[in-house]
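Secondary and tertiary structure notes
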Amino acid sequence: MQVYHQLYELYDSVDTETLRARQDLVNMFPPLDSQVSLQQWESVRDDLDQQKTQIRRSFPNGDEYAEIAAHATETQAFTALDLYNKYERPINALVLDVDETLRSASTTDNEIPRDALYFLTELHERGVPIVICTGQTLENVKGFMIQGLGSEIVHSGNLSIVYEAGTGVFTPEHGADTKRLLYESLDDEIVDIFDAVRSRVLSDAPEKLRRNCHLQGNEFNITVKPNFKIGSERAREIIDAGLVHQIELLGDAVATQLGYPSDDGRQWTKAFYADADPEIDGVLTDREETATCALEDVPDDVTSLLERIDVAYYEADAAEIGSLELNKVAGVEAAFDVLGIDDPFAVAMGDSKSDLRVMRWLTESEAGICAAPEHASTDVLEFVRETDDLVFDEGNSSEMLRAIYALNELAATYQT
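Residues numbered from 1 in each chain as written. Predicted model: local features only at pLDDT ≥ 70, side-chain atom pairs only at ≥ 80, totals over all residues. Heavy atoms only, no water.

**Some points on the environment of K86**
Short version of the rule: In this description a helix means any DSSP run of H or I spanning at least four residues, a strand means any run of E spanning at least two, and both kinds are numbered starting from the N terminus. Any two residues whose heavy atoms approach within 4.5 Å at even a single point are treated as in contact.
Relative to the assigned elements, K86 resides in helix α5 (residues 74-87). Linking K86 and Q246, residues 160 residues apart in sequence, is a C-alpha distance of 45 Å. Setting aside chain neighbours within four positions, we find K86 in contact with T387 and D388.

Right, dumping it as structure tokens:
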């Protein structure tokens, strides 16, 4: 209760809005090569230092309170306090999806905002490892993370990239463990099925699909992407067609592996994935491609194989086949192992079903908390709201990062 009252007094008695504005300007907008700009920046910095000094003198644990007030709103600070009172631990790892989480196609022009990059840098400098966890290829992720955070942080030894939704983990500066190819652990039966689908996914596609989509340059997963703007009606049409095509090819490959007719394999696979995912069922229904058999007609050995293979549908964005043995959870576990995080209490931020697996794993193992943007998938939002209700505005992941920053500062006050 004492910390609660002190926080309340802090935000009631101090002009924290002006304090944060000064802090943001000093942190995120360094002076240009102009004497006038430099003088103005220095003036703002001096005013910022004076305000912080006054807070340090007025409050117990003044150093931490000054940083909280300069970086977090009152709502974010009290969210942080609630989290600390509930879990009594600071965050010691960030597990972050990128697309539509750290950045948004519609609100941030597919760039990670400057304030989000700043807080990632600040938390990293305070010893919090970063695990970027994405379905994208390694080269894509390395490129924009180096551009955003800088090569020094990416190669610091305290940042890991889980790419292609868990098929590989890249952690620079860790010797033989720098790159772990998790897909090499799969047995030949699964690898042969993926090889069969990959070899035909474009060559056997209907002409309209083949001319209007491309394969993402993955090391293992098979991801069809549209040649149109993501989210557009034309992208939706192509991805829906690509999903049906992939399911049919997967059915062919599984049937061939087990010695069944290809046509039967296609129908069994449609029945299996329609039952597993309402969105896939909706696409098959809309395109009049529903299975001619029931789920109970699928042979047990076919079911056993399909239960190891994930078919993922991202509306107007991508259709993907991956291994359920190589998901983001497996990737994050491997990243934690390489980074030496033996007792994690992480925050997982994401928007999709693959992120939800990580959130459930962290929550069930009491190893972290989860947050999501307001436009995340329905299942993700429901889970996040049922836990700590950490939902942030689209394109504004810094809202959550500010709260995490405040949480770790509050943890320091409890420890003194």
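Here the narrative resumes.
**Some thoughts on unusual backbone geometry**
With phi around 55 degrees, N61 is a residue other than glycine that occupies positive phi space. Tracing the sequence through the fold places N61 in the loop between α3 (35-58) and α4 (62-71). For E366, which is not glycine, the phi torsion reads 55 degrees and is therefore positive. When you line up the elements, E366 lands in the loop between α16 (353-364) and β11 (368-373).

**As for the sheet that holds strand β3 (residues 159-163)**
Filter applied, for reference: Pairs of strands are assigned from DSSP output, requiring at least two bridges between the strands. For helices, the fitted line uses only the C-alpha atoms of the stretch in contact; every axis is such a line through C-alpha atoms, and the angle between N-to-C directions lies from 0 to 180 degrees.
Taken in spatial order, the eight strands make up an open sheet running β5-β4-β3-β2-β1-β10-β11-β12, and their pairing is mixed. Each edge of the open sheet carries a strand with a single partner, namely β5 (179-181) and β12 (391-392). In the packing of helix α18 (residues 398-414) onto the sheet, contacts are made with β1 (93-96), β10 (346-349), β11 and β12, and the angle to β10 comes to roughly 175 degrees.

**Let's talk about the state of the cysteines**
The cut-off we apply is this: To count as a disulfide, a pair of cysteine sulfur atoms needs to be within 2.5 Å.
Enumeration according to the criterion identifies zero disulfides in this entry. No disulfide involves C370; its sulfur sits 14 Å from the nearest other cysteine sulfur, which is in C133.

**Remarks on the domain arrangement of the protein**
Rules: Delimitation of the domains relies on an automatic or database domain assignment. Note on terms: buried area is the combined drop in 1.4 Å-probe accessible area of two parts once they are placed together, counting the loss on both. Here, a salt bridge means any Lys or Arg side-chain nitrogen found within 4 Å of an Asp or Glu carboxyl oxygen. Pairing of N or O atoms within 3.5 Å defines a polar contact, subject to two protein rules: one partner must be a possible hydrogen donor and the other a possible acceptor, and residues neighboring in sequence count only if both atoms are side-chain atoms. Any residue that is not Ala, Val, Leu, Ile, Met, Phe, Trp, Tyr, Cys, Pro, Asp, Glu, Lys or Arg is counted as polar, Gly included; the first ten are nonpolar and the last four charged.
Taken domain by domain, the protein consists of domain 1 (1-71), domain 2 (91-179 + 344-395) and domain 3 (187-323). Relative to domain 3, the C-alpha centre of domain 2 lies at a distance of 27 Å. Contacts between domain 2 and domain 3 engage twelve residues on the former and eleven residues on the latter. Carbon and sulfur atoms make up 37% of the area that domain 2 and domain 3 hide from each other, which totals about 810 Å². It is T137, E164 and K353 that lose the most area in domain 2 upon contact with domain 3, and together they represent 50% of the buried surface on that side. A salt bridge links R357 to D310, with the nearest nitrogen and oxygen atoms 3.6 Å apart. Inspection of the domain 2/domain 3 interface yields eight residue pairs in polar contact (both at pLDDT 80 or more). For the side of domain 2 that touches domain 3, the residue count by class is two nonpolar, six polar and four charged.

**Some thoughts on empty space enclosed by the protein**
Keep this limit in mind: Site definitions follow a grid-based scheme: protein atoms alone, a 1 Å grid, a 1.4 Å probe that fits but cannot get out for cavities, and for pockets an open set with protein on both sides within 12 Å along at least five of seven lines, plus lining residues having an atom within 4 Å of a point. Grid points are joined across faces, edges and corners, and a volume is the space filled by probe spheres set on the points.
Per the counting criterion, the structure on display carries two cavities of 30 Å³ or more. Considering only enclosed or pocket space, the largest cavity measures out at about 110 Å³ in volume. Around the largest cavity, the lining residues are A165, N221, D310, Y314, E320, G322, S323, L326, N327, K328, S354 and R357. For the lining of the largest cavity, the secondary structure elements donating two or more residues are β8 (309-314), β9 (318-323) and α16.

**Examining α3**
For clarity, the threshold we go by: Expected span of a helix: the number of residues minus one, times 1.5 Å. Each residue is assigned to one of three classes by its accessible area relative to the maximum for its type, calculated with a 1.4 Å probe on protein chains only: buried under 20%, partly exposed between the two thresholds, exposed over 50%.
Between its first and last C-alpha atoms α3 spans 35 Å; for 24 residues at 1.5 Å apiece the expected length is 34 Å, and the two agree. Buried within α3 are the following residues: W41, L48, Q51, K52 and I55. Buried positions along α3 lie against α1 (2-13), α2 (16-28) and α4.

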